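Here is how the chains run, residue by residue.
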Amino acid sequence: MHTSLLKAGAVVAVLALAACGGGGTGASGAGKTLKFAVVAEESGPLGAYGSQLVAGVKAAVADLNASGSYDFKIEPVYFDCQSEQAICVAKARQAVTTDRLPLVMGPIVTANVMPAAEVTSRAKVPHIVMSLVSEITSKYDNTYRWGIANQKNNETVVEYVKSQIKPDDSVAIVHANSDFGNSAAGQQKALLDKAGIKISANIGHDPGQADYTPAILQLRKADPAYVLLSDTNPADVAKLLRQAKETGLKGQWIGAEAAGVIPLAGDAAKGYMTVAPWFPDNASDPNSPALTRKFKEQGVQAPGWFAGMAYDATKGIAEAARAQGFSSKELTMGLSSISDLPGTAVRSWTFSAGNHEGQTAATIAEWTGSGYRTVWPKP
């Protein structure tokens, strides 16, 4: 594989785990098994997200162990944190203190991963995250983002709108009254203002509403050409899309990917555009159909970008271990030295000691009714 990792030939470090310092070894027997923690919201209201993470890891582990490219076995240890913040933190603590695992991946949702990162940071254990919030990698230098920060997503969305919008058109912002929704809406407003694009409505809503008629009526009055949606609750996104279609609301909806929206919204999802680093069944991506099938084989019928990022991240962990060793300190060195690692979901990955961001460019794709097609950047 075309990677540039410090001490790339140091496979001896992998075989001599008992002598490695800097956190748990994650090894068993004679040092032939690499173990790490996967903390995920597999059950509870956020189960669609955690299941994606686990499916991505399992698919990657099956492929990597069968590849013959590694002289060790990869064996993740899975912790279901049940969509509860306190449990997610407790599972992360168990992983790094009781079980002495040398690396943690997950959980997905920012409200759960931020306090979990506090635990891993104190333990000096590297932490793989997919959180959209920019602050996590700046606040915790043990975190590595296998994904893209929401600021970059919003820059991509506004760039697309700017390229398409007509002189008399306007844009509406719809967002959940949550940390993610409010932050994203603020970023979008600043970017639209800078681009000189008229904002005809800026609508916040409390999560979990049974009916979104007031928001839809405001949108009808504003008559925007584009509706920028910042909401990661799939049920809420689906309700908004369905009510928009039922009332004949015009305007192109563009939102952050929320796992499970497509089956929940049904026909109303057709034409919906989302911004993400990877899309399942994407006709514009030659790797996407095969990768989508792998995730479905792991029990996820509606794969999302979290599964794709988890697949690539697992490959990155294996490469870091092969180059440096299995301890927390060695995995940190290995992850920080990944350069142009070919991904399966994403073309390549590069990190350094001072840059843990992973990706800097997002993609917008449209749901066609049977799959996705990339619309921006133009294929």
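On a predicted model such as this, the values are computed, not experimentally measured, just so you know. (Residues numbered from 1 in each chain as written. Predicted model: local features only at pLDDT ≥ 70, side-chain atom pairs only at ≥ 80, totals over all residues. Heavy atoms only, no water.)

### A look at the sheet that holds strand β9 (residues 199–205)
The strands making up a sheet associate through backbone hydrogen bonding, with each pair oriented either parallel or antiparallel.
Here's step 1: If you walk across this open sheet you meet the seven strands as β9-β8-β10-β11-β12-β15-β16, and the pairing is mixed. Unpaired on one side and paired on the other, β9 and β16 (372–376) mark the two borders of the sheet. Within the sheet, the average angular offset between the axes of one strand and its neighbour, ignoring direction, is 25°.
Here's step 2: Bridge analysis of strand β8 (residues 171–176) against β9 gives six bridges, and the strand direction is parallel. Along β9, the bridge assignment pairs His175 with Gly204. (Pairing = 2+ DSSP bridges. Helix = DSSP H or I, 4+ residues; strand = E, 2+ residues; numbered from the N terminus. Axes fitted to C-alpha atoms, helices over the stretch in contact; angles between N-to-C directions.)

### Examining the pattern of salt bridges
Oppositely charged side chains are able to pair whenever their charged atoms sit close together.
Here's step 1: Enumeration according to the criterion identifies ten salt bridges in this entry.
Here's step 2: The partner of Lys35 in a salt bridge is Glu75, with the nearest N and O atoms 3.5 Å apart. Residue Lys35 is located in the loop between β1 (33–34) and β2 (37–40), and its partner Glu75 is located in the loop between β3 (73–74) and β4 (77–80); the two are separated by 40 residues in the primary sequence.
Here's step 3: Among the residues examined, Lys35 registers a relative accessible area of 22% and is labelled partly exposed. (Salt bridge = Lys/Arg side-chain N within 4 Å of Asp/Glu carboxyl O. Buried < 20%, exposed > 50% of the residue type's maximum accessible area, 1.4 Å probe, protein only.)

### Some details on the environment of Gly334
Here's step 1: Turning to its location among the elements, Gly334 is positioned in helix α13 (residues 328–335).
Here's step 2: For the pair Gly334 and Glu319, spaced 15 residues apart in sequence, the C-alpha separation works out to 7.5 Å.

### What to know about the state of the cysteines
Here's step 1: Counted under the stated rule, the structure contains one disulfide.
Here's step 2: For Cys81, the disulfide goes to Cys88, at an S-S distance of 2.2 Å. The chirality of the disulfide connecting Cys81 with Cys88 is right-handed, given an S-S dihedral of about 55°.
Here's step 3: Note on Cys81: relative accessible area 0%, which makes it buried.
Here's step 4: Its relative accessible area of 0% is what places Cys88 among the buried residues. (Disulfide = S-S within 2.5 Å.)

### Concerning the domain arrangement of the protein chain
Here's step 1: By domain assignment, the protein chain separates into domain 1 (32–148 + 287–361) and domain 2 (151–276).
Here's step 2: The C-alpha-based centres of domain 1 and domain 2 are spaced at 29 Å.
Here's step 3: With eleven residues of domain 1 at the contact, the number on the domain 2 side is eleven residues.
Here's step 4: Carbon and sulfur atoms supply 65% of the area buried between domain 1 and domain 2, which totals about 930 Å² over both sides.
Here's step 5: Of all residues in domain 1, Tyr49, Leu132 and Trp305 give up the largest surface area on contact with domain 2, accounting jointly for 46% of the area buried on that side.
Here's step 6: Across the domain 1-domain 2 interface, the total number found is zero salt bridges.
Here's step 7: At the junction of domain 1 and domain 2, the tally comes to one residue pair in polar contact (both at pLDDT 80 or more).
Here's step 8: When contributions to the side of domain 1 that touches domain 2 are tallied by element, the ones reaching two or more residues are α2 (47–67) and α12 (305–324). (Domains from an automatic or database assignment. Contact = heavy atoms within 4.5 Å. Buried area = accessible area lost by both parts, 1.4 Å probe. Polar contact = N/O pair within 3.5 Å; in protein donor to acceptor, adjacent residues only side chain to side chain.)

### Overview of the environment of Val125
Here's step 1: Structurally, the position occupied by Val125 is in the loop between α4 (110–122) and β6 (127–129).
Here's step 2: A relative accessible area of 2% means that Val125 is categorised as buried.
Here's step 3: Val125 sits 23 residues away from Pro102 along the chain, and the two C-alpha atoms are 6.0 Å apart.
Here's step 4: Once you skip the residues sitting within four places of it in the chain, Val125 turns out to touch Val96, Leu101, Pro102, Leu103, Val104, Thr120, Asn142 and Ser328.

### Points about empty space enclosed by the protein
Here's step 1: Enumeration according to the criterion identifies two cavities of 30 Å³ or more in this entry.
Here's step 2: The space that makes up the largest cavity amounts to roughly 50 Å³.
Here's step 3: Forming the walls of the largest cavity are Asn150, Asn154, Val157, Phe180, Ala184, Gln188, Leu229, Ser230, Ile254, Gly255, Ala256 and Val275.
Here's step 4: Looking at the lining of the largest cavity, the elements that each hand over two or more residues are α6 (150–164), α7 (179–195), β10 (226–230) and β11 (252–256).
Here's step 5: Size it by volume and the second largest cavity reaches roughly 30 Å³.
Here's step 6: Lining the second largest cavity we find Leu132, Asn153, Ala256, Glu257, Val275, Ala276, Pro277 and Trp305.
Here's step 7: Looking at the lining of the second largest cavity, its residues break down into six nonpolar, one polar and one charged. (1 Å grid on protein atoms, 1.4 Å probe; cavity = no way out; pocket = protein on both sides within 12 Å on 5 of 7 lines; lining within 4 Å. Points joined across faces, edges and corners; volume = space filled by probe spheres on them. Nonpolar A, V, L, I, M, F, W, Y, C, P; charged D, E, K, R; others polar.)

### Concerning the packing of aromatic side chains
For any pair of aromatic rings, geometry is given as the distance between the ring centres together with the angle between the planes.
Here's step 1: This model, assessed by the stated rule, comprises 14 aromatic pairs.
Here's step 2: Relative to Phe326, the ring of Phe72 has its centre 5.0 Å away and its plane inclined at 80°; by these criteria the two rings are edge-to-face. One end of the pair, Phe72, is in the loop between α2 and β3; the other, Phe326, is in the loop between α12 and α13, and 254 residues separate them in sequence. Just as Phe72 is buried, Phe326 falls in that class too.
Here's step 3: Ring centres 5.9 Å apart and planes at 75° place the aromatic pair Tyr144 and Phe351 in the edge-to-face group. Remark: Phe351 occurs in the loop between β14 (348–349) and β15 (363–367) and Tyr144 occurs in strand β7 (residues 143–145); sequence separation between them is 207 residues. Phe351 shares its class with Tyr144; the two are buried.
Here's step 4: One aromatic cluster in this structure is built from Tyr144, Trp146, Trp349 and Phe351. (Phe/Tyr/Trp six-rings, centres within 6.5 Å; stacked < 30°, edge-to-face > 60°.)

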